[in-house]
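What follows is each chain in one-letter form.
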Amino acid sequence: MFTGIVEEIGTLTSLTPQPDGSARLLLTGPLAASDAGLGDSIAVDGVCLTVVDLPGDGSFAVDAVPETLRRTALGEKAAGAPVNLERSLRADSRLGGHIVQGHVDGVGRLLSRRGEGRWEDLLFSLPAEIAPLVAEKGAVTVSGVSLTVTSAGADSFGVSLIPATLEATTLGTLREGDAVNLEVDVIARYVARLTGFTSSTADGAAEGEGR
């Protein structure tokens, strides 16, 4: 579990495709690697990945299975790309952002960015399948960064970034068209699931009563 508070900007040193369709990623992140152990979870641009190797030079390696590469923007990354890193949440830590699982729901793209003094408004595309789960003033995770939604439409949503976020995350250097990993609020997931079951049960009961 994570909070969406990025601890450092790391670097994707290499992405090596494997024969089985997965990929081995080597990442440089001195802070993230400083107390990591094999099997630990680290969020890489919002994707929860397991440490499989620690070379001991401030880097760590993770494996991304084909499902991860299909459902996230990691497969589009090239060597040298910056990535947002966050170590998993300790039980005695403050929850500075919101509950983030590191389970990406979809990929969006930066549509526009507009500066207003020291802060910026960013507009991202929103996949149709998760659009109902993104609400104005609700929480959303964009490439591992916990943000508050400022506007929500059928196919896009907006956020406002303060200087600290622009400087401490990769969102400050995003260009129009760049892909980002999106994770909706976990509560929205369960509400949608529960609502779906409730509606199905009600429809079934109604059909039965009419017989």
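All residue numbers refer to position in the chain's written sequence, counted from 1. Only residues with pLDDT of at least 70 get local features here, since the model is predicted, and only at 80 or more are side-chain atom pairs given and counted; chain-wide, interface and lining totals rely on the full set of residues. Think of the side-chain values as coming from all heavy atoms in the structure, minus any hydrogens and water.

(A) Summary view of the nonpolar core. Note on terminology: a nonpolar core comprises buried Ala, Val, Leu, Ile, Met, Phe, Trp, Tyr and Cys residues joined through side-chain atoms within 4.5 Å. Summary of the burial criterion: residues with accessible area below 20% of their type's maximum are buried, those above 50% are exposed, and those between are partly exposed, where the area comes from a 1.4 Å probe applied to protein chains only. Residues Phe 124, Val 142, Leu 147, Phe 157 and Val 159 are the most contacted members of the largest nonpolar core, which totals 22 residues. Counting from the N terminus, the helices are the DSSP runs of H or I reaching at least four residues and the strands are the DSSP runs of E reaching at least two. Only β8 (119–125), β9 (139–142), β10 (145–152), β11 (156–161) and β12 (179–184) provide two or more residues apiece to this core. In contact with Val 142, not counting residues within four places along its chain, are Phe 124, Leu 147, Phe 157, Leu 171, Val 180, Asn 181 and Leu 182. Counting 19 residues, the second largest nonpolar core, distinct from the first, contains Ala 32, Ala 33, Ala 64 and Val 104. Contacts: residue pairs with any heavy atoms within 4.5 Å of one another.

(B) Fine view of the sheet that holds strand β2 (residues 23–28). Each pair of strands is called paired provided DSSP finds at least two bridges between the two strands. Reading around the barrel, the six strands line up as β1-β2-β5-β4-β3-β6 and close back on themselves, with antiparallel pairing between neighbours. Put simply, the sheet's adjacent strands are angled 45° from each other on average, direction ignored. Pairing of β2 with strand β5 (residues 59–64), which is carried by six bridges, proceeds in the antiparallel orientation. In the sheet register, Leu 26 faces β5, and the bridge partner there is Ala 61. Interaxial angles span 0 to 180 degrees and are taken between N-to-C directions of axes, which are lines fitted to C-alpha atoms, for helices over the stretch in contact.

(C) Unusual backbone geometry, seen in detail. At Lys 137, a position not held by glycine, the phi torsion is positive, near 75°. Note on placement: Lys 137 falls in the loop between β8 and β9. The residue Ser 143 is not glycine, and still its phi comes out positive at about 50°. Considering the arrangement of structural elements, one finds Ser 143 in the loop between β9 and β10. Given a relative accessible area of 4%, Ser 143 falls into the buried group.

(D) Summary view of the packing of aromatic side chains. In summary, the pairing rule links any two rings of Phe, Tyr or Trp, Trp by its six-membered ring, whose centres are within 6.5 Å, and it sorts them by plane angle into stacked for under 30 degrees, edge-to-face for over 60 and tilted for everything else. Overall, the coordinates contain one aromatic pair when judged by the stated rule. A ring pair is formed by Phe 124 and Phe 157, whose centres lie 5.6 Å apart and whose planes are at 25°; its orientation type is stacked. Residue Phe 124 is located in strand β8, and its partner Phe 157 is located in strand β11; the two are separated by 33 residues in the primary sequence. For the residue pair Phe 124 and Phe 157, the accessibility class agrees, reading buried in each case.

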